[in-house]
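# Observations on the three-dimensional arrangement
So you can see what is in the structure, the chains are spelled out below.
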Amino acid sequence: MAIGDAAVYFDGKTNRRRLVTLTFGDRLELRETSDQVIEWGYADIRRADGPSGVLRLTCLTAPTLARLEIRDAAMAADLAWRCAQLDDNVPGRHGVAAIVGWSLAAVSSIVAVILFGVPLAADRLAPLVPQAFERRFGDVAEGQIAAMFGARLCNNALGQAAFTKLVNAVRETAGLDTSVETAVLATPIPNAFALPGGKVYVFNGLLARAQNPDEIAGVLAHELGHLVHRDATRNLIYNGGTSFLIGLLFGDITGSGALVFASRSLVTSSYSRQAEQNADTFSVDVMHRLGRPPKAMGELLFRVTGKEVDKSLSILSSHPLTEDRLARMSSVEQTSDGPPLLTAAEWAALKAICSPQN
Ligand SMILES: [Zn+2]
């Protein structure tokens, strides 16, 4: 994972400020230029005192005065998560501080969530949750989905090829890398999900009701919007409440009942109206860039609204469809001069992705 130039390195010998790119491999790699790599073992990294909003680090194997400074909150949280001994030389700052304690804002947000459960605090905290932690939650939620929907993955060869083609077109246009995982689940319920950590599921019940690839592309783009905005993580913090936060602070969560409870709420809870609008805007933007009609997704959702007797598990329960959402989607100007996303044969194959073989 290479992440821009948000980190600054001082080598401890000169006072020159070096912009470095960080890569989280087996060790932390700091790169100023492509041929010059400094490696820090995560276990050797320690926190140094620094101004608020900056994670300042030293390394036991580096010159004593060498410092790495990270200002980007998400990156800092991700790195802090990997450094188990980050606070070993700072008495009384184990555990809590190791993950998010570097930021006063994060700590006050946690306290606010625990005391008041305010969504605002969840909004502030979501971007600070380490990606490694999100992925663990995503994995448990995945098991929860399998349990609730009794679902197996659909991936017959032709259907999977068509699905991959459609996903890649949307994903690349949305500017996301291949760490996003997608799959079709064999359940008649018409729904689609984005899980923390970058997993998107489309249920076969939604595919069955779709009439063209644009409708599914619009839904995929909408779900990617939720991923980019970290809405699932935000919901998880809000709904999982205290148990989630205690897990976040102490890292002792695997297999706990609290985790299962929180991830179950992830599957059954709704996104806020604002989150839906933002994901719609993201979808409209992606569809525009693909040269495909953004309102196709609205037409699919409208079709689901009309026929679904039990809406409790459908896409409409997790992505509430309001009048203004429909109005916004259908008022978007048609621009469908781009090439079709799938051929007729590929679309037929995708629709049949849950058949035994094709
Ligand atoms: Zn949504």
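Our subject is the structure listed above.
Everything numeric in this text was worked out from a predicted model, so none of it was measured.

## Things to note about the environment of C154
Counting through the fold element by element, C154 comes out in strand β8 (residues 153–154). Remark: the alpha-carbon pair of C154 and N204, spanning 50 residues in sequence, is separated by 8.2 Å. The residues contacting C154, other than those within four sequence positions of it, are Q160, V184, L185, A186, I353 and C354.

## Considering the coordination of the zinc ion
For the zinc ion, the protein coordination sphere consists of H222 (NE2), H226 (NE2), E276 (OE), E276 (OE) and H319 (ND1), at 1.8 to 2.5 Å. All donor residues of the zinc ion come from one chain, and their arrangement in sequence is H-x3-H-x49-E-x42-H. Here the residue E276 occupies a position in helix α11 (residues 273–290), and H319 occupies one in the loop between α13 (315–318) and α14 (323–331), the gap between them amounting to 43 residues. By relative accessible area, which is 2% here, H319 ends up buried.

## A few points about the packing of helix α6 (residues 157–173) against helix α8 (residues 213–228)
Contact geometry for α6 and α8: axes closest at 10 Å, N-to-C directions at 50°. Here α6 lies oblique to α8, going by the angle between them. Judged by the twist between their axes, the crossing of α6 over α8 is right-handed. Contact residues: L166, V167, V170 and R171 in α6; P213, I216, A217, L220, A221 and L224 in α8.

## Regarding the packing of α11 against α14
Look at α11 against α14: their axes get within 11 Å of each other, and the N-to-C directions meet at 10°. In terms of their interaxial angle, α11 and α14 are classed as roughly parallel. Touching R273, E276, Q277, D280 and T281 of α11 are D324, R325, R328 and M329, all from α14. For the contact of α11 with α14, a count of residues per class yields one nonpolar, two polar and six charged.

## Observations concerning the sheet that holds strand β1 (residues 7–10)
The strand order across the open sheet formed by seven strands is β4-β3-β2-β1-β7-β6-β5, and the pairing between neighbours is antiparallel. Edge positions in the sheet fall to β4 (36–40) and β5 (45–48), since each has one partner strand and no second. With direction set aside, neighbouring strand axes in the sheet form an average angle of 35°. When β1 meets strand β2 (residues 18–24), the two strands line up antiparallel, connected through three bridges. The partner of Y9 across the bridge, within β2, is R18.

Definitions and limits used
Residues numbered from 1 in each chain as written. Predicted model: local features only at pLDDT ≥ 70, side-chain atom pairs only at ≥ 80, totals over all residues. Heavy atoms only, no water. Helix = DSSP H or I, 4+ residues; strand = E, 2+ residues; numbered from the N terminus. Contact = heavy atoms within 4.5 Å. Donors = N, O, S within 2.8 Å, 3.2 Å for Na, K, Ca; no water. Buried < 20%, exposed > 50% of the residue type's maximum accessible area, 1.4 Å probe, protein only. Axes fitted to C-alpha atoms, helices over the stretch in contact; angles between N-to-C directions. Parallel < 35°, antiparallel > 145°, perpendicular 65-115°, else oblique. Left-handed = near helix turned anticlockwise from the far one by under 90°. Nonpolar A, V, L, I, M, F, W, Y, C, P; charged D, E, K, R; others polar. Pairing = 2+ DSSP bridges.

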